[in-house]
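Each chain is listed here by its residues.
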Amino acid sequence: MKVTVRIWRSSGDSKVGRWSEYEVETDPMERVLDLLHKIRDEQDGSLAFRRSCGHGICGSDGMVINGKNRLACKTLVKDLKSPIVIQPLKGFPVVKDLVVNMEGFFQQYRRVMPYLVNDEPPPPKERPQSPQERHLFDDTTKCILCACCTTACPVFWANSQFLGPAALVAAHRFIFDSRDRAGRERLSLIAQYGGIFTCRTTFNCTDGCPRGIQVTKAILELRQAILTGNLPQKPS
Ligand code: SF4
Ligand code: F3S
Ligand code: FES
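Each chain has its residues counted from 1, running along the sequence as written. Throughout, the order in which chains and ligands are written sets their labels, letters from A for the former and numbers from 1 for the latter. The model is predicted, so local features are restricted to residues of pLDDT at least 70 and side-chain atom pairs to those at 80 or more, both for listing and for counting; the totals for chains, interfaces and linings are taken over all residues.

Q: Describe the site of ligand 1, and please don't skip the residues or the numbers.
A: Taken together, 16 residues are adjacent to ligand 1, and Cys-143, Cys-146, Cys-149, Ala-166 and Cys-209 come closest. Comment: elements are numbered from the N terminus, with helices defined as DSSP H or I runs of at least four residues and strands as E runs of at least two. Here the shell around ligand 1 takes 3 residues from helix α5 (residues 165–175), the largest share from any one element. Residues belonging to the shell around ligand 1 are distributed by class as follows: 13 nonpolar, 2 polar and 1 charged. Being near a molecule or strand means, for a residue, that its backbone-placed C-beta atom lies within 6 Å of it. Polar here means any residue other than Ala, Val, Leu, Ile, Met, Phe, Trp, Tyr, Cys and Pro, which are nonpolar, and Asp, Glu, Lys and Arg, which are charged; Gly is therefore polar.

Q: For the nonpolar core, give the residues involved together with the corresponding values.
A: Counting 58 residues, the largest nonpolar core has Ala-166, Leu-168, Ala-171 and Leu-222 as the members making the most contacts within it. By residue number, the principal contributor to this core is α5, which donates 8 residues. It is the C-beta atoms, placed from the backbone, that decide contacts: two residues are in contact if theirs lie within 7 Å. If we skip the residues at most four places from it in the chain, Leu-168 touches Leu-163, Ile-190, Ile-196, Ala-218, Ile-219 and Leu-222. Under the definition applied here, buried Ala, Val, Leu, Ile, Met, Phe, Trp, Tyr and Cys residues are grouped into a nonpolar core through C-beta atoms within 7 Å. Backbone-placed C-beta atoms define the burial measure: a residue is buried with 20 or more other C-beta atoms within 10 Å of its own, exposed with 12 or fewer, and partly exposed in between.

Q: Go over the site of ligand 2, please, and point to the residues and values.
A: For ligand 2, the set of nearby residues contains 13 residues, the closest of which are Cys-153, Pro-165, Cys-199, Asn-204 and Cys-205. Listed by contribution, the elements that provide at least two residues to the shell around ligand 2 are α7 (204–208) and α8 (215–228). For the shell around ligand 2, the leading source of residues is α8, giving 3 residues.

Q: Residue-level account of the domain arrangement of the protein chain, with values.
A: Residue ranges assigned to each domain were obtained from an automatic or database domain assignment. As assigned here, the protein chain comprises domain 1 (2–100) and domain 2 (103–228). Taking the mean C-alpha position of each, domain 1 and domain 2 sit 29 Å from one another. Counting from both sides, the interface comprises 13 residues of domain 1 and, opposite them, 12 residues of domain 2. With 3 residues, strand β4 (residues 68–71) is the single largest residue contributor to the side of domain 1 that touches domain 2. Looking at the side of domain 1 that touches domain 2, its residues break down into 5 nonpolar, 5 polar and 3 charged.

Q: Which residues make up the pairing of β4, and what values go with them?
A: In this structure, strand β3 (residues 62–65) lies alongside β4, joined through 4 bridges in antiparallel fashion. Considered in β4, the bridge of Val-64 is made with Asn-69. Any two strands with at least two DSSP bridges between them are considered paired. Once β3 ends, the chain turns through 2 residues before running back antiparallel as β4, passing Asn-66 with a positive phi of about 50 degrees.

Structure below.
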């Protein structure tokens, strides 16, 4: 079968650009990433896009496909209407075509201290954790930092100070980890201006997450922890 693929091409400013259209021979079970490779290899070597793992693990091929944020490597042709319209993620500066500059996104991510903090001397073998304790943050460990949630959020589009849902997911992953000791510090960080109370609970983040993470639920759990002071961690 043949599909029409329409791609927004630009360099440096996503508002200034043009549509390029390609006819591509494909199979319904092929992925959008396969289409992009075919276009670049067989029709237009100047097309720029980012990918790495090809299997939904690295988070590098987030893009807007038929109006929805998705990973190109996890989106099958059979699930899309033709023409397949592809644009870069919204709200980030465009480097070229589908490649966006994610530095601002990672700056917000780093603000929430996305690493385990525990200076207590370790037990002889490991820091034990019960299955119930692990369950509290199981969902948020699945994040691959693709930015599909943050770039679907209307608050992020309007307010560049907003941490964004992906950074809040990272905060949740460590705040609810019973082995961590910096939960209260993180809660105080995310309670500041541009933090968790900037979210308007619009759920776009949850709808846009290709890993199926309950992003809004995690944000509400963080709010609850700030308001009640209840944490599974020992106080730091
Ligand atoms: Fe991507 Fe989901 Fe992580 Fe957001 S929460 S960065 S959409 S994997
Ligand atoms: Fe944005 Fe998600 Fe909140 S889309 S407004 S972070 S619920
Ligand atoms: Fe790694 Fe798609 S290429 S997630």
